[in-house]
Amino acid sequence: VPVSVYSDSNTASLAVAKRIADLIRGKQEKGEQAVLGLATGATPVKIYAELVRLHRDEGLSFKNVVTFNLDEYYPMQPDSEQSYVTFMNRNLFDHVDIERANVHIPDGTLAMEQIHDYCLAYEQKITALGGLDLQILGIGRTGHIGFNEPGSAPNSGTRLVTLDDLTRRDASRDFGGKENVPTKAITMGIGTIFKAREIILMAWTQKKAEIVKKAVEGELSSEVPATYLQLSDSVEFVMDSDAASLLT
Ligand code: F6R
């Protein structure tokens, strides 16, 4: 797997933001849409900040951009403080000229019996647009990508999943206690992610060093879903030197 190690997450984030901006501009020149798969959490925050800056200062337009977020907690109201809708609005969408109709984030308000059809339609929308041009990913300490926790199948699609205990503990600060973190989420599957033409998995800080080592150098295993990325020809791991510190 190609691994790019940067001295710090700032430099790495600028490089990834530039790749996204180049993709958007390249598509614009051809009169095409850029279809982006987006992640939430701490990892992509500086990328979004740089994209906002490029929009504000350098005229980068998001008019031809369509986005699909990886996941959302379930249940979750979109206007809640902890929703991924709120996260994306605050970090990116409120500050750029994207068409709201082009933004897709899994709906945390569905009734249980609606979820199956909704997830199929989410996949079909991506396919109908020609597939994801680029998917950006963080990695959880369980080895999850999206919310594909240990046990997820490599060909899994968008679906309702149960969050791992460690994932809920890691989210507890945002929710003021683990007991307030939803037990479920709707996530794109590993199969969904795999279909993207380019995948960039990012990891920063020492906290991620152990799981990054497993993801990059470990045996393929559903116990560490990120190991499946080793099978992709389109993936790149981008990390800071702390996250890379255990790699041989
Ligand atoms: C978020 C997502 C998750 C996070 C992962 C890392 O949309 O799908 O897989 O990328 O939990 O989270 P942070 O970046 O907060 O360390």
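Residues numbered from 1 in each chain as written. Predicted model: local features only at pLDDT ≥ 70, side-chain atom pairs only at ≥ 80, totals over all residues.

As named in an unreviewed UniProt entry, the chain is Glucosamine-6-phosphate deaminase, taken from Parapedobacter deserti.

(A) Region of the structure containing the UniProt feature "domain: Glucosamine/galactosamine-6-phosphate isomerase" (unreviewed entry) in the chain. Here the UniProt-annotated "domain: Glucosamine/galactosamine-6-phosphate isomerase" (unreviewed entry) positions come out as residues 9-230. As a span, residues 9-230 carries 36% helix and 15% strand, and end to end its C-alpha atoms are 22 Å apart. (UniProt positions renumbered as here; feature names shortened; annotations may be inferred. Helix = DSSP H or I, 4+ residues; strand = E, 2+ residues; numbered from the N terminus.)

(B) Molecular detail of the site of the ligand. Taken together, 14 residues surround the ligand, and among them Gly41, Ala42, Thr43, Gly138 and Gly140 come closest. Classifying every residue of the shell around the ligand by side-chain character gives 6 nonpolar, 7 polar and 1 charged. (Near = placed C-beta within 6 Å. Nonpolar A, V, L, I, M, F, W, Y, C, P; charged D, E, K, R; others polar.)

(C) Spotlight on the sheet that holds strand β7 (residues 159-162). Read from one edge to the other, the open sheet built from 3 strands follows the order β4-β8-β7, with strand pairing classed as antiparallel. The sheet terminates laterally at β4 (71-74) and β7, the two strands that pair on one side only. Between one strand axis and the next, the sheet turns through 30° on average, direction left out of account. Pairing between β4 and strand β8 (residues 184-187): 4 bridges, direction antiparallel. Of the residues in β8, the one forming a bridge with Glu72 is Ile186. (Pairing = 2+ DSSP bridges. Axes fitted to C-alpha atoms, helices over the stretch in contact; angles between N-to-C directions.)

(D) Expanded view of helix α1 (residues 9-29). Compared with the 30 Å implied by 1.5 Å per residue over 21 residues, the 30 Å span of α1 between its first and last C-alpha is a close match. By the burial criterion, the buried members of α1 are Ser9, Ala12, Ser13, Val16, Ala17, Ile20 and Ile24. Here the buried residues of α1 occupy an arc of 135° about the axis, which is enough to place them on one side. Turned more than 90 degrees off the buried face of α1, the exposed positions are Thr11, Asp22, Gly26 and Glu29. Positive backbone phi, at 70°, marks Gly31, one or two positions downstream of α1. (Expected span 1.5 Å × (residues − 1). Buried ≥ 20, exposed ≤ 12 C-beta atoms within 10 Å, placed from the backbone. Arc of directions from axis to C-beta.)

(E) Structural detail: the pairing of strand β3 (residues 65-69). Summarising burial for β3: 4 of the 5 residues are buried, a large majority. As defined by bridge partners, strand β2 (residues 34-38) adjoins β3 across 5 bridges and the pair is classed as parallel. Following the sheet pairing, Leu36 is matched in β3 by Thr67. Where β3 and strand β5 (residues 103-104) come together, 2 bridges link them in parallel fashion. Its bridge partner lying in β5, Thr67 is registered against Val103.

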